[in-house]
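# Overview (structure and organization)
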Amino acid sequence: MAQGPEQVSPDDAPFEAFDANQYYDSIQGLVSVGAPDRDVPAIFAPPPYRRQVVQEEIPASSALEMPSTERLRFPELAQKEASRLYEAGLIYNFKKEYAKAVEFLEKAYRLNLELKHYTPALQALIELAWLKFCHEKKDGKAKSTRLFGEALRMINTHVHQPGITECRAKLLHYQGLVQYREKHYGEAMKSLMRAKTFCPPDSLEAARILDSQAVHYEHTNDYNRAIQCIQSALEIKKREGISYEEAVSNQILGRIYILKEEYEKALSCLSSALEIAEDLNDFKRIANLKNDIIRIRIYQGDVKNAARLIQEVIQDCQSQDLRVPFGMALFYQSYMLFADNQVSECRRILERDVLPIFKRFEYKKGHGMALRLMACVESHYGNDTRAIEMMSEVISVFKEENRADELAKTYFELGKLYLRLEEKKLALASMLEAMHIAELNDLTFLTSYIEDELFKLDEEKWQEVVDKRANYERVFERQPSLEQSLNQLSHSEGAEAAASEPNQSLVALLKIAQAMAGVRDLDQLLQIIKIETEQALIADRCTVFLYDRDANELWSKVASGLETEEIRFPAHLGLAGYVAKTGEILNIKNAYEDPRFNADIDKKTGYRTENILCIPMRNRRLEIIGVFQVLNKQNGSFGKTDEDLLNAIASNAGVAIENASLATEMKISFDSFVKTLSSTIDARDPITAGHSERVAAYSTLIGEEMNMPEPDLEALKYASLLHDIGKIGIREDILKKDGRLTEKEYRHIQKHVYYTHEILKNVHFEHHLRMVPEIAASHHEKIDGTGYHRGLQGDEILLSGRILALCDVFDAITSRRHYRNRMPFERVLQIILKDVDAHFDKDCVDSFLNVKLNDVSRVLLMEREAEYDEGGLLLLKKLDKHITIGEYQRLCKRDSLSKGEAETHRIFSNLYHRREVGDLD
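Residues numbered from 1 in each chain as written. Predicted model: local features only at pLDDT ≥ 70, side-chain atom pairs only at ≥ 80, totals over all residues. Heavy atoms only, no water.

The next thing to look at is the overall build of the chain. Within the chain, the secondary structure is distributed over 40 helices and 6 strands. Expressed as a percentage of contacts within the chain between residues at least 6 apart in sequence, the contacts between residues at least 24 apart total 63%. Total accessible area on the chain stands at roughly 42,600 Å², and carbon and sulfur atoms take up 50% of it. (Helix = DSSP H or I, 4+ residues; strand = E, 2+ residues; numbered from the N terminus. Contact = heavy atoms within 4.5 Å. Areas by Shrake-Rupley, 256 points an atom, 1.4 Å probe, with all protein chains shown as cover.)

The structure is reproduced here in structure tokens:
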């Protein structure tokens with residue numbers, strides 16, 4: 001019965017759920033060496049078929065194509081077909097073609113049920129339940145539970161049928177595996193023990209159960225018992241003559257022998273498994289077996305054969321798209337490069353390939369191993385603080401994954417690192433922690449190495465450990481843990497430093513928090529953070545890079561001469577990119593000596609970077625949203641105190657920036673909604689299309705000229721965009737009438753202002769936008785009180801309403817219509833000036849005359865027919881950027897013009913009056 005690794009679910013306990021089916025080998029799971037720990041065990045054994053069967057092509061079903069009556073007339077043929085379908089389902093499962101496996105098993109189940117062959121029907125049903133649990137992300141567990149329940153009902157109904165007892169064993173076995181994946185270990189093992197009682201002790205199902213028990217014992221470091229189980233399983237499988245089953249057990253056994261450092265036995269088992277896997281073209285298993293053999297060759301110092309196998313695995317994995325085995329081969333390659341002192345190449349492979357692969361596919365054990373090697377690389381380059389931080393991260397990973405062997409190895413490596421730094425107290429604490437874990441978990445293959453290091457550190461302690469171990473006494477009862485040693489060290493060495501800098505960091509943090517409080521504008525917030533951080537860290541420059549997730553870029557605004565410009569670059573480049581990608585803290589003493597430093601930014605800004613402190617910035621969900629980069633400490637380089645302070649600043653700033661970004665996004669979203677709504681209303685009348693957006697642009701120009709506060713400008717902009725929303729209540733035939741309106745029609749169309757006010761007053765606006773309805777409803781009011789809809793006059797009309805009234809008229813008489821071109825600009829100005837203090841507010845008109853002609857021209861080009869007018873844009877570039885509307889109006893009255901004035905008049909007249917797109921003359 002198929003229980004092979006290829007049926008392993010992403011949910012395999014004791015690991016977190018994720019989709020590993022396409023990438024991981026089956027029997028990796030609870031086996032502590034080799035590829036992913038989540039791709040659970042060989043305990044989940046493979047299907048029963050012989051080597052030659054797997055290589056056959058599976059023909060289309062013939063019996064199922066027969067009518068039911070025909071199948072009943074030829075029961076032997078139908079029974080043979082049902083057996084073939086079942087076997088085909090197992091083969092497809094082995095080939096990892098799970099959809100086809102389900103298809104054939106379902107056919108086998110239905111056909112056997114029709115033939116009333118309940119035992120083979122149950123076999124297919126239980127396999128289907130296991131497949132659903134392993135490979136269907138959505139509702140897989142619920143479906144498998146339902147199918148397991150149906151299987152149990154069939155077993156109880158047909159309890160006296162031949163072979164039903166073995167079906168019960170299979171059901172209990174698979175249910176035990178489900179429990180194991182869900183971390184109910186005691187219940188799982190109880191199910192496995194019960195399963196064995198329902199099948200003959202020398203049956204294939206008993207052998208598979210032994211495989212499952214062996215992997216559990218291996219996981220709990222009970223290697224001797226695990227080996228006994230596997231050897232018993234192998235004896236049964238050899239008698240059965242099913243080579244693939246032997247391969248599975250040999251693979252498990254080989255990995256256990258690696259842990260016991262019995263390398264020749266491990267090679268023998270793994271080579272036997274590899275031979276079978278190669279005969280069956282099981283590429284995933286081949287890659288993982290070769291990776292296991294690579295590991296052995298490295299341990300044996302057989303560099304030549306290890307390197308050869310690495311290249312084979314790399315090529316095979318690339319051709320078969322096997323990502324994690326590919327990452328493991330590259331990891332071993334990087335390990336060999338490090339041992340050969342090719343450290344820079346080792347780092348390149350780890351950073352570029354290994355760590356990203358393991359992170360992407362959530363292979364935590366591999367990620368921890370690669371990170372531990374990277375810590376050794378950092379130590380090699382003298383980045384000892386970073387190396388220790390990485391080792392601490394690795395310890396957290398292996399604690400979470402419950403990997404006692406890897407945890408002990410990490411403490412061992414950390415101890416060696418402390419020893420190199422001459423921190424003997426910490427080195428001793430690390431080594432004792434490693435020894436404690438090794439002894440507690442019976443990791444005898446590690447204890448001798450740890451003892452050797454203890455001898456170098458403290459001969460008396462080493463002698464005490466040896467004596468106690470020989471007398472079976474507890475060694476660690478009175479020994480401080482590594483964490484305790486670190487705390488003692490920080491208290492003793494940090495007290496004096498803390499006294500010399502009383503509350504400086506706290507004061508800096510409070511100051512920055514107060515400065516950031518309540519700031520909603522992202523640009524303003526970034527400027528505040530930049531200035532305050534520079535002062536707090538006594539640094540020359542601070543840059544806050546934000547991560548644009550959609551573009552996968554980092555961006556920031558930096559000083560360039562007297563101006564500020566936005567810079568952007570791919571999120572993986574430079575030190576900032578490295579920090580954004582890895583989440584690491586970088587403290588670089590010499591920027592140009594670090595290969596990750598992106599000197600292009602210095603080239604753009606003309607700045608010279610010396611030393612750098614770079615820290616990731618995270619939001620509330622701990623996602624990286626940016627990077628703090630502080631440059632050039634004014635008195636030396638950045639130290640640990642600076643790192644801690646910047647970390648604290650980044651934590652507070654991350655939340656503030658996220659809030660500001662959210663406000664910005666909401667503003668952009670609201671702005672987009674208002675513009676869309678405005679365009680929709682304008683689109684009802686093709687004659688005035690684009691009117692509201694142009695009015696908003698003109699209004700903003702006048703408001704800026706009058707130095708209106710930013711909140712008032714924003715309210716003016718939205719009121720301008722929405723001022724005609726009341727036209728939604730105007731009859732279509734009147735709105736689009738081409739000729740003169742009757743008095744009744746005119747009165748009806750005037751109602752749009754009333755409708756605008758009624759609609760907008762029911763919209764919830766933010767506090768600073770609360771006057772939008774009032775402003776929008778004022779766009780037909782006149783200073784002398786003759787306007788509508790309320791007949792307001794003078795200061796009764798809000799200033800923003802007076803601006804809007806002017807801009808509404810200006811756009812109406814400067815816009816093209818299908819029956820006329822724009823009114824001559826001089827005539828437009830005459831109308832506006834003539835109506836000052838009657839229709840228009842004098843202050844608003846004066847400010848309008850101070851607006852730059854170039855800015856007004858940009859708005860004029862917003863008309864739809866000129867939107868993509870390259871000729872108009874060329875003219876705009878040639879137009880004097882400093883001349884105002886008022887100056888141009890006075891220029892037009894003169895009898896003679898200078899050459900420059902004549903050129904300005906010619907360019908603007910051409911831009912304003914031209915009818916043909918692209919006409920430059």
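Attention now goes to unusual backbone geometry. With an omega of 25 degrees, the peptide bond between Tyr788 and His789 qualifies as cis. The topology assignment puts His789 in the loop between α33 (772–776) and α34 (799–814). Not every positive phi belongs to a glycine, and Glu261 is a case in point at roughly 60 degrees. Positive phi values are uncommon outside glycine, yet Asn632 reaches one of about 60 degrees. Looking at where Asn632 falls in the secondary structure, it is placed in strand β6 (residues 624–633).

Another point: helix α6 (residues 140–157). When the terminal C-alpha atoms of α6 are compared, their 26 Å separation across 18 residues agrees well with the 26 Å that a helix rising 1.5 Å per residue should span. Buried residues of α6: Gly140, Ser144, Leu147, Phe148, Ala151, Met154 and Ile155, and no others. Buried residues of α6, viewed axially, fall in a sector of 120 degrees; they line one side. When the buried face of α6 is taken as reference, the exposed residues oriented beyond 90 degrees from it are Ala142, Arg146 and Thr157. Where the residues of α6 are buried, they touch α4 (98–114), α5 (118–135) and α7 (164–181). (Expected span 1.5 Å × (residues − 1). Buried < 20%, exposed > 50% of the residue type's maximum accessible area, 1.4 Å probe, protein only. Arc of directions from axis to C-beta.)

Further remarks concern empty space enclosed by the protein. The tally for this structure, following the rule as stated, stands at 3 cavities of 30 Å³ or more. Here the largest cavity is characterised by a volume of approximately 180 Å³. The wall of the largest cavity is formed by 20 residues, among which Phe545, Phe597, Ile601, Asp602 and Gln629 lie closest to the centre. Listed by contribution, the elements that provide at least two residues to the lining of the largest cavity are β1 (539–548), β3 (563–570), α26 (574–582), α27 (600–605) and β6. Residues that form the lining of the largest cavity fall into these classes: 12 nonpolar, 6 polar and 2 charged. (1 Å grid on protein atoms, 1.4 Å probe; cavity = no way out; pocket = protein on both sides within 12 Å on 5 of 7 lines; lining within 4 Å. Points joined across faces, edges and corners; volume = space filled by probe spheres on them. Nonpolar A, V, L, I, M, F, W, Y, C, P; charged D, E, K, R; others polar.)

This part covers the packing of helix α15 (residues 323–339) against helix α16 (residues 343–360). Here α15 crosses α16 at 160 degrees, and the two axes come no closer than 9 Å. As far as their axial angle goes, α16 and α15 are roughly antiparallel. Of the two elements, α15 crosses α16, and the hand of that crossing is left-handed. On α16, the residues that touch Arg323, Val324, Phe326, Gly327, Met328, Leu330, Phe331, Gln333, Ser334, Leu337 and Phe338 of α15 are Val343, Glu345, Cys346, Ile349, Leu350, Asp353, Val354, Ile357, Phe358 and Arg360. When the residues that make up the contact of α15 with α16 are grouped by side-chain class, the tally is 14 nonpolar, 3 polar and 4 charged. (Axes fitted to C-alpha atoms, helices over the stretch in contact; angles between N-to-C directions. Parallel < 35°, antiparallel > 145°, perpendicular 65-115°, else oblique. Left-handed = near helix turned anticlockwise from the far one by under 90°.)

With that out of the way, let us pick up the packing of aromatic side chains. How two aromatic rings sit relative to each other is given by the distance of their centres and the angle of their planes. Throughout the structure, instances matching the rule amount to 16 aromatic pairs. Ring plane angle 15 degrees and centroid distance 6.0 Å describe the contact between Trp130 and Phe133, whose orientation is recorded as stacked. You can see Trp130 and its partner Phe133 sitting in helix α5, 3 residues apart, about one turn around the helix. Each member of the pair, Trp130 as well as Phe133, carries the same accessibility label: buried. Here Phe455 and Trp462 contribute two aromatic rings whose centre-to-centre distance is 4.8 Å and whose plane-to-plane angle is 80 degrees, an arrangement assigned as edge-to-face. Owing to a relative accessible area of 38%, Phe455 belongs among the partly exposed residues under this scheme. Positioned above the aromatic ring of Phe104, the side-chain terminus of Lys107 is 5.4 Å from the ring centre. Across the ring face of Tyr592, the terminal group of Arg608 is positioned such that the distance to the ring centre comes to 3.8 Å. (Phe/Tyr/Trp six-rings, centres within 6.5 Å; stacked < 30°, edge-to-face > 60°. Lys NZ or Arg CZ within 6 Å of the ring centre and 35° of its normal.)

Okay, the pattern of salt bridges next. This model, assessed by the stated rule, comprises 45 salt bridges. Where Arg285 meets Asp282, a salt bridge forms, and the shortest distance between an N and an O atom there is 3.0 Å. When sorted by exposure, Arg285 lands in the same class as Asp282, which is buried. The network of salt bridges with shared partners includes Glu127, Lys170, Glu205, Arg208, Asp211, Lys237 and Glu245. (Salt bridge = Lys/Arg side-chain N within 4 Å of Asp/Glu carboxyl O.)

Moving on to the pairing of β6. Counting buried residues along β6, 10 of its 10 residues qualify, which places the element largely inside the surrounding structure. Pairing of β1 with β6 involves 7 bridges; the strand directions are antiparallel. Its bridge partner being in β6, Cys542 is matched across the sheet by Val630. As paired strands, strand β5 (residues 612–618) and β6 are joined by 7 bridges and run antiparallel to one another. Among the inter-strand pairings, Leu613 is bridged to a residue of β6, identified as Val630. Where β5 folds back on β6, the antiparallel hairpin that results is connected by 5 residues, among which Leu622 adopts a positive phi of roughly 65 degrees. (Pairing = 2+ DSSP bridges.)

Next up on the list: the environment of Ala226. Turning to its location among the elements, Ala226 is positioned in helix α10 (residues 223–240). Residue classification places Ala226 among the buried residues on the basis of a relative accessible area of 0%. Measuring from C-alpha to C-alpha, the distance between Ala226 and Ser212 comes to 9.5 Å, with 14 residues separating the pair along the chain. Setting aside anything within four residues of it in sequence, one finds Ala226 in contact with Ala214, Tyr217, Glu218 and Ile256.

Here we come to the confidence of the model for the chain. Interpretation of the predicted coordinates at a detailed level should be avoided for regions scoring low in pLDDT. Mean pLDDT for the chain: 78, with 81% of residues reaching 70 or above. When the elements of the chain are averaged for pLDDT, helix α1 (residues 51–54) gives the smallest value, 36, and helix α36 (residues 842–849) the largest, 95. When the criterion is pLDDT under 50, residues 559–563 qualifies, and its contacts beyond four places in sequence or with other chains add up to 5 contacts. A low-confidence stretch, residues 915–921 stays under pLDDT 50, and its non-local contacts, those more than four residues away or across chains, total 14 contacts. (pLDDT = per-residue confidence, 0-100.)

A separate point is the packing of helix α17 (residues 364–380) against helix α18 (residues 384–400). Two elements in contact, α17 and α18, have axes whose closest approach is 8 Å; the angle formed by their N-to-C orientations is 165 degrees. Taken together, the axes of α17 and α18 lie roughly antiparallel to each other. Read as a crossing pair, α17 and α18 show a hand that is left-handed. Contacts from Lys364, Lys365, Gly368, Met369, Leu371, Arg372, Met374, Ala375, Cys376, Glu378 and Ser379 in α17 reach Asp384, Arg386, Ala387, Met390, Met391, Glu393, Val394, Val397, Phe398 and Glu400 in α18. Classifying every residue of the contact of α17 with α18 by side-chain character gives 11 nonpolar, 2 polar and 8 charged.

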